[in-house]
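Listed here are the chains, written in short residue letters.
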Amino acid sequence: MSILNRAYLYIIRKKVRSSILFFIVTLISFFLLSGSILNTTVGTISKNLYKDVNFGFTIESIDKSNKEIEKDTLKKINEVDGVNQKNYLYAKSVNVVDKKVVQENQNITITDGMKNKSNLVMMNGITSTKNNIDFKSEVLKLEKGRHIEENDQNKILIHEKFASLNNLNMGDKIKLEQNGKNIEFEIVGIYSGEKTNNFEGLSSDFIENTVYTDYNSSQKLLDYSSNNRVTSVEYGVNNPTKLEEIIRNVENLGINNISVSKSNKNYELVTSSVESITKLTNMIRIGSIIVGIVILSLVLMFWIRERLYEIGVLLSLGITKINLILQFVVETLIVTIFGFLSAFVLEFILLKYISSNATSIFSEDLPTIISEELTKISINGSDIIGVMIVMITIVIISVIVALLPILKMKPKKILTQIN
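These figures come from a predicted structure and were not determined experimentally. (Residues numbered from 1 in each chain as written. Predicted model: local features only at pLDDT ≥ 70, side-chain atom pairs only at ≥ 80, totals over all residues. Heavy atoms only, no water.)

(A) Structural context of the overall build of the chain. Scanning the chain from N- to C-terminus turns up 14 helices and 12 strands. In the chain, buried positions account for 44% of the 419 residues. Counting only contacts in the chain whose residues sit at least 6 apart along the sequence, the fraction spanning at least 24 positions is 80%. Carbon together with sulfur atoms contributes 55% to the accessible area of the chain, which is approximately 22400 Å² in total. (Helix = DSSP H or I, 4+ residues; strand = E, 2+ residues; numbered from the N terminus. Buried < 20%, exposed > 50% of the residue type's maximum accessible area, 1.4 Å probe, protein only. Contact = heavy atoms within 4.5 Å. Areas by Shrake-Rupley, 256 points an atom, 1.4 Å probe, with all protein chains shown as cover.)

(B) Up close: the environment of serine 18. Among the secondary structure elements, serine 18 is positioned in helix 2 (residues 15–52). Through-space distance from the C-alpha of serine 18 to that of threonine 336 is 9.9 Å; in sequence the pair is 318 residues apart. Look past the residues within four positions of serine 18 in its chain and what remains in contact with it is Ile11 and Val335. From its side chain, serine 18 meets the backbone oxygen of lysine 14 in a polar contact 2.8 Å long. (Polar contact = N/O pair within 3.5 Å; in protein donor to acceptor, adjacent residues only side chain to side chain.)

(C) Examining the packing of aromatic side chains more closely. One pass over the structure, following the stated rule, counts 7 aromatic pairs. Their ring planes at 75° and their centres at 5.8 Å tell us that phenylalanine 135 and tyrosine 191 sit as a pair that is edge-to-face. Note that phenylalanine 135 is positioned in helix 4 (residues 133–136) and tyrosine 191 in strand 8 (residues 181–193), a separation of 56 residues in sequence. Like phenylalanine 135, the residue tyrosine 191 is buried in the burial classification. Their ring planes at 80° and their centres at 5.6 Å tell us that tyrosine 191 and tyrosine 212 sit as a pair that is edge-to-face. A residue pair is termed long-range when its members are at least 10 positions apart, and tyrosine 191 in strand 8 and tyrosine 212 in strand 9 (residues 210–214) qualify at 21 residues. (Phe/Tyr/Trp six-rings, centres within 6.5 Å; stacked < 30°, edge-to-face > 60°.)

(D) Spatial organisation of the pairing of strand 8. Across 5 bridges, the pairing between strand 5 (residues 140–145) and strand 8 is antiparallel. Bridging from a neighbouring strand, leucine 140 pairs with glycine 193 of strand 8. Where strand 6 (residues 155–159) and strand 8 come together, 5 bridges link them in parallel fashion. What sits directly across from leucine 157, in strand 8, is glycine 189. Looking at chain direction, strand 7 (residues 173–178) and strand 8 are connected through 6 bridges and run antiparallel. Counterpart to glutamate 177 in the pairing with strand 8 is asparagine 182. (Pairing = 2+ DSSP bridges.)

(E) Spotlight on the packing of helix 9 (residues 308–316) against helix 10 (residues 321–356). Across the interface, helix 9 lies against helix 10 with an axial gap of 10 Å and an inter-helix angle of 140°. As judged from the angle between their axes, helix 9 and helix 10 are oblique. The way helix 9 lies across helix 10 gives a crossing that is right-handed. Taking contact as the criterion, the partners of Glu310, Ile311, Leu314 and Leu315 in helix 9 are, on helix 10, Lys321, Leu324, Gln327 and Phe328. For the contact of helix 9 with helix 10, the class distribution of residues is 5 nonpolar, 1 polar and 2 charged. (Axes fitted to C-alpha atoms, helices over the stretch in contact; angles between N-to-C directions. Parallel < 35°, antiparallel > 145°, perpendicular 65-115°, else oblique. Left-handed = near helix turned anticlockwise from the far one by under 90°. Nonpolar A, V, L, I, M, F, W, Y, C, P; charged D, E, K, R; others polar.)

(F) Broad picture of the pattern of salt bridges. Within this structure, the stated rule accounts for 5 salt bridges. For aspartate 72, the salt bridge is made with lysine 75, and the minimal N-O distance between the two is 3.9 Å. Aspartate 72 sits in the partly exposed class, given a relative accessible area of 47%. (Salt bridge = Lys/Arg side-chain N within 4 Å of Asp/Glu carboxyl O.)

(G) Local environment of the packing of helix 10 against helix 13 (residues 381–407). Remark: helix 10 packs on helix 13, axes separated minimally by 9 Å, with the N-to-C direction vectors making an angle of 145°. Relative to helix 13, helix 10 is oriented so that their crossing is right-handed. Every residue of helix 13 that contacts helix 10 at Lys321, Leu324, Ile325, Phe328, Val329, Thr332, Leu333, Thr336, Phe340 and Phe344 is listed here: Ile384, Val387, Met388, Met391, Ile392, Val395, Ile396, Val399, Ile400, Leu403 and Leu407. Its residues placed into classes, the contact of helix 10 with helix 13 shows 18 nonpolar, 2 polar and 1 charged.

(H) Up close: the nonpolar core. Counting 42 residues, the largest nonpolar core has Phe57, Ile59, Leu74, Ile158, Phe162 and Leu176 as its most contacted members. Looking at which element gives the most residues to this core, the answer is strand 3 (residues 83–97), with 5 residues. Residues within four places of phenylalanine 162 in sequence aside, it is in contact with Val96, Lys99, Lys100, Val101, Val102, Val121, Leu168, Ile174, Glu208 and Asn209. Of all hydrophobic cores here, the second largest spans 38 residues; its members include Leu33, Ile293, Val299 and Ile325. (Core = buried A, V, L, I, M, F, W, Y, C linked by side-chain atoms within 4.5 Å.)

(I) Representation of the environment of valine 139. Mapped onto the elements of the fold, valine 139 is located in the loop between helix 4 and strand 5. Exposure remark for valine 139: the relative accessible area of 31% places this residue in the partly exposed category. Separated by 53 residues in sequence, valine 139 and serine 192 have C-alpha atoms that sit 8.7 Å apart.

(J) View of the side chain of lysine 155. Position of lysine 155 relative to the elements: it lies in strand 6. Separated by 2.6 Å, the side chains of lysine 155 and glutamate 186 make a polar contact. Ignoring anything within four residues of it in the chain, the contact list for lysine 155 reads Arg146, Ile148, Phe185, Glu186, Val188, Tyr212, Thr213 and Asp214.

(K) Region of interest: unusual backbone geometry. Notably, aspartate 98 is not glycine yet its phi reads approximately 60°, a positive angle. Among the secondary structure elements, aspartate 98 is positioned in the loop between strand 3 and strand 4 (120–126). For asparagine 154, which is not glycine, the phi dihedral falls at a positive 55°. Relative to the helices and strands, asparagine 154 resides in the loop between strand 5 and strand 6.

Okay, structure coming up:
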């Protein structure tokens, strides 16, 4: 009788034991699959974060009396090896014409000296809001329309509360004024979010009264067209692992009155969470393997001792130890195949549920990059093959560990022990 036939007949004859084994390997396979899929998903999220989240440094003035920097003084930074993009920002309080500002939470008394400053908004003239760290990290979120882009002219983004207060929508116009000069801007986007700014008692101190305009138009409004100025610049880098080196090279340029700081705090916060999850998934996988081997070995060891007579007879009839090991491996693998299929079905159902309810299960405030990956979570071929290889390895090791004490004995000694 072949090894396969003997294995099949034993499984059919010992239904209870086979069912217990089936349950054990199903659980082991399920946890291994979960760990593998989670690890793959975390890896994808990490790559996307690495690629998409703003990772670089920020330039600001260290002159307390003058926060403006002449744009031309920063030209050398663009030539530093590794710098791949720049996002100019000029922030200044300006008057909004014929529109109300959001005044909730303003527990202040407007004095006579402030009356002319009670209708201020914070104008952030910017190259690209899409590449701004506040939008990248989703502290601020674009709710309607599009972002400010580099080649825009007279375009503006406004906060949803400011829009609601003034019944403004996409395509409407807003006029900003500074020193008697005004420019009319077209609303191309409405954003939401909360952010703590330095409070100095002005309406422009609140994020609800912060507007984002294209950078060139902000310079025209302030008569800086011939000599552009910035209050900060966000620079991106090609290789985040060389950020420290790039910052040192920028500092060595000898540009006066500027500070260079990392602008990747949000990235580090999210990636530290990703690293924690990666460690957890690796612990789940390693733990599943170790626990699987231990439990399977103990169960098989117990059942093998009940089959000492069968083992002794088979060895007496000339069945080699290798063939005996193969028989037990085949028996366990047959049950393992069905257990793995069962684990696959359970995993598929679980992932289907997670992908459909990712935000409600975890948090509605999850970064888009993470929530999008969770909605796409699935079992791929590499996960299946990897777990199958691990399960086969667990079975082989467990059978050898369980049989080893018996195989060291002679057939006669095995049969004598039974008597």
